[in-house]
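Results of the structural survey
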Amino acid sequence: MADNRKEQTRNQWLDMLEKYKFDSDAPATDQIWSEKLECASRDELISIQNDKLKVVTPFLYENSDFYRRRFDKLDLAPTDIQTVDDLTKWPVVDKTEMMEDALAHPPYGTYSTMDQELWDTRGWMMFSSSGSSGVPRVFRYSHVDRDLWEWANARAIYSFGVRPDDTVFLASGYGPHVFAWGVQYALQRMNVASIPGGGMTTDMRANIVDRFKPTVLCCTTSYALHLGRVMEEKGLDPAASSIRMLFVGGEPGTGIMNTRNRLKELWGAEMREFYGCTEVSPHSGGYSCSHAEISGDVVATHLMEDHQIWELVDPDTMEPVAEGERGITVATSLLSESSPQLRFNVGDYTVYSTEQCGCGRTHVRAMGSFAGRSDDLINLRGVKMYPVQLEQAVRAVPGIGDEYEILIETDEAGVDMMTARVEHADDISAQVINEIKTRCEVTVGVEMLAPGTLPKTEFKAKRIRDERDK
Ligand SMILES: [Zn+2]
């Protein structure tokens, strides 16, 4: 009987997929891949979300022990959550809860709807969350997910303006991370050629750009900086290269103005961004459009709302905030066979606008894009700041090296101190102190280093070194 319900709810969910799978194989227009979904009215979008949600909750209840226990504990039935308005009955799921579940139920935990039987039947790939410290949480995805992934990512990359006459160079180590793999498979769906750049040194990658002339560079934000600088060291000018578009993801990108401007100048290229996380894959999550750069200092990133429900909540109360107010992102994934999370705390700060975009899409936009995860908050003697604020500050200093490090340690008197370790040929410490003081309201020490001293970022940047006494 129980197995029956398990299968029944999965099949209901699979049937639902077909209903809204518009333009899965090829784009509908020369600008918008799935026009019916991306330009649906706000009311239509909510009705799609409700329709999907009411099959997702019973599917979760029957196929994930983590979710079943949570429903039971809250004294809720899946039928209690059938519409977007019902969601607030369900407290936001945090990654610590998932970690505890993974510890108690090794090695996979029970927070996904993937079981061994499904894995043996149509398992596709296992990914691991690249999040900060803690127990590794893995996510096994199916071929149904792969198909949805290709479609969702194709829609997003098409929205960037990538077309079949482009060649995308994926300067990534791939690994068990969703980013490059999701892009790789989507490019195939889009009939766009690619050069997979896994397992290469930066020097080799610089040579690839120079010799084989890819038009789009796909990598993390910090790696785009590093690769550009290595090209310069080799006497090559990235701005004069074949790269016309930087396609970044994996860390805050377009939302940090000083980093964005630095990259655009370095490469003489447009910048587009992918946003999301392993837990609520498959998806593109957030994606830029041709109107991503609204003005010099405002960027916006759409969120794919027919695939996911994107809420914004207050980080302290976890209550939804009104449109236009700042909050952190919470996602419900409606289109995942293996990881249909309900109100997962993705935790990035932004502000939403549901006003229709100049590109014609109706999907909500994160104004100013995303500026880092709420759990990265730094508390220095009671003053709170985010790594992105420090990044914005350091990069405001002209000519400063791309790499820097923020060291936080406890001095002999037991006081926590912050030191910015930066590279510049001249002593620009006063400027660094001033920029950080202005933005973060703390006075820091500065250690001046000769250019090229700090290690280069190869994947995601690790710029905060917290060595405080606990
Ligand atoms: Zn748009």
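Cut-offs used in this document
Residues numbered from 1 in each chain as written. Predicted model: local features only at pLDDT ≥ 70, side-chain atom pairs only at ≥ 80, totals over all residues. Heavy atoms only, no water. Helix = DSSP H or I, 4+ residues; strand = E, 2+ residues; numbered from the N terminus. Rg over C-alpha atoms; globule rule 2.2 N^0.38 Å. Contact = heavy atoms within 4.5 Å. Areas by Shrake-Rupley, 256 points an atom, 1.4 Å probe, with all protein chains shown as cover. Lys, Arg positive; Asp, Glu negative; His and termini not counted. Charge placed at Lys NZ, Arg CZ, Asp CG, Glu CD. 1 Å grid on protein atoms, 1.4 Å probe; cavity = no way out; pocket = protein on both sides within 12 Å on 5 of 7 lines; lining within 4 Å. Points joined across faces, edges and corners; volume = space filled by probe spheres on them. Nonpolar A, V, L, I, M, F, W, Y, C, P; charged D, E, K, R; others polar. Pairing = 2+ DSSP bridges. Axes fitted to C-alpha atoms, helices over the stretch in contact; angles between N-to-C directions. Buried < 20%, exposed > 50% of the residue type's maximum accessible area, 1.4 Å probe, protein only. Phe/Tyr/Trp six-rings, centres within 6.5 Å; stacked < 30°, edge-to-face > 60°. Lys NZ or Arg CZ within 6 Å of the ring centre and 35° of its normal. Donors = N, O, S within 2.8 Å, 3.2 Å for Na, K, Ca; no water. Tetrahedral: all angles 85-135°; square planar, octahedral: opposite > 155°, others 65-115°. Parallel < 35°, antiparallel > 145°, perpendicular 65-115°, else oblique. Left-handed = near helix turned anticlockwise from the far one by under 90°. Domains from an automatic or database assignment. Buried area = accessible area lost by both parts, 1.4 Å probe. Salt bridge = Lys/Arg side-chain N within 4 Å of Asp/Glu carboxyl O. Polar contact = N/O pair within 3.5 Å; in protein donor to acceptor, adjacent residues only side chain to side chain.

1. With respect to the overall build of the chain
Looking only at helices and strands, the chain has 13 helices and 20 strands in total. Here the C-alpha atoms of the chain give a radius of gyration of 22 Å, agreeing with the 23 Å that 2.2 N^0.38 yields for 470 residues. For the chain, the spread of C-alpha atoms along the three principal axes comes to 75 × 55 × 40 Å. Across the chain, every contact between residues at least 6 apart in sequence was considered, and the portion connecting residues at least 24 apart equals 70%. In the form shown here, the chain has an accessible surface area of approximately 19,000 Å², with 49% of it arising from carbon and sulfur atoms. Side chains of the chain give 50 positive and 74 negative charges; the mean places of these two sets differ by 2 Å.

2. Overview of the layout of surface pockets
Here the second largest pocket defines a volume of roughly 410 Å³. Residue lining of the second largest pocket: 19 residues in total, with Val84, Trp310, Glu311, Leu312 and Tyr352 positioned closest to the centre. No other element matches the 4 residues that strand β11 (residues 308-313) contributes to the lining of the second largest pocket. Residues belonging to the lining of the second largest pocket are distributed by class as follows: 11 nonpolar, 3 polar and 5 charged.

3. A short note on the sheet that holds strand β17 (residues 404-410)
The strand order across the open sheet formed by 4 strands is β19-β18-β17-β20, and the pairing between neighbours is mixed. Two strands bound the open sheet, and with one partner strand each, they are β19 (445-449) and β20 (464-467). Each adjacent strand pair in this sheet contributes to an overall mean axis angle of 20°, direction not counted. Where β17 meets β20, 4 bridges bridge the pair, whose relative direction is parallel. When the sheet's bridge partners are listed, Leu407 is paired in β20 with Arg465.

4. Comments concerning the pairing of strand β2 (residues 138-142)
Each regular strand carries side chains that alternate between the two faces of the sheet. For β2, the buried fraction is high: 5 of the 5 residues fall into the buried class. The two faces of β2 match: Val138, Arg140 and Ser142 on one face and Phe139 and Tyr141 on the other face are all buried.

5. Things to note about the packing of aromatic side chains
On inspection of all chains with the given rule, the structure shows 23 aromatic pairs. Consider the rings of Tyr141 and Trp149, whose centres lie 5.2 Å apart with planes at 75°: the pair is edge-to-face. Relative accessible area serves as the criterion here: at 0%, Tyr141 is assigned to the buried category. Residue Trp149 is classed as buried on the basis of its relative accessible area, which comes to 3%. Put simply, the rings of Tyr61, Phe66, Tyr67, Phe71 and Trp90 pair up and form one aromatic cluster. Arg155 extends its terminal NZ or CZ atom over the ring of Trp151, reaching a point 5.1 Å from the ring centre.

6. Details of the coordination of the zinc ion
Taken together, the protein donors to the zinc ion comprise Cys289 (SG), His302 (NE2), Cys357 (SG) and Cys359 (SG), at separations of 2.1 to 2.3 Å. For the zinc ion, the 4 donor atoms are set out with angles of 107 to 114° between them, so the coordination reads as tetrahedral. Counting along the primary sequence, the residues that act as donors to the zinc ion give the motif C-x12-H-x54-C-x1-C. With His302 in strand β10 (residues 298-303) and Cys359 in the loop between β13 (344-353) and β14 (365-367), the pair connects residues that are 57 residues apart, well separated along the chain.

7. Considerations on the packing of helix α12 (residues 387-394) against helix α13 (residues 429-440)
α13 packs onto α12 with a crossing angle of 140° between their chain directions and a minimal axis gap of 8 Å. Relative to α13, α12 is oriented oblique. Judged by the twist between their axes, the crossing of α12 over α13 is right-handed. From α12, Gln389, Leu390, Gln392, Ala393 and Val394 reach across to α13, where they touch Glu435, Ile436, Arg439 and Cys440.

8. Describing unusual backbone geometry
For the bond from Pro106 to Pro107, the omega torsion is -5°, close enough to zero to count as cis. Assignment of secondary structure puts Pro107 in the loop between α5 (95-104) and α6 (116-122). Positive phi, normally seen in glycine, also occurs at Glu441, with a value near 60°. Within the fold, Glu441 resides in the loop between α13 and β19.

9. Observations concerning empty space enclosed by the protein
Picture a little ball the size of a water molecule; that probe, rolled over the atoms, points out where space is still empty. For the structure on display, the rule yields 1 cavity of 30 Å³ or more. In this structure, the largest cavity is lined by Ala171, Ser172, Phe179, Cys219, Thr220, Tyr223 and Phe459. Its residues placed into classes, the lining of the largest cavity shows 5 nonpolar, 2 polar and no charged.

10. Examining the domain arrangement of the chain
Partitioning the chain into domains gives domain 1 (1-373) and domain 2 (378-467). Summarising the inter-unit geometry, the C-alpha centres of domain 1 and domain 2 are found 30 Å apart. The interface of domain 1 with domain 2 comprises 21 residues on the first partner and 18 residues on the second. Here domain 1 and domain 2 share an interface that buries about 1,800 Å² over both sides, 48% of which is from carbon and sulfur atoms. Contact with domain 2 buries area across many residues of domain 1, yet His226, Asn258 and Arg262 alone supply 30% of it, more than any other trio. Across the pair Asp402 and Arg229 runs a salt bridge, and its minimum N-O distance is 2.3 Å. Inspection of the domain 1/domain 2 interface yields 8 residue pairs in polar contact (both at pLDDT 80 or more). Elements supplying a minimum of two residues to the side of domain 1 that touches domain 2: α10 (221-233) and α11 (257-267). Examining the composition of the side of domain 1 that touches domain 2, we find that 5 residues originate from one element, α10, more than from any other. Its residues assigned to classes, the side of domain 1 that touches domain 2 comprises 7 nonpolar, 10 polar and 4 charged.

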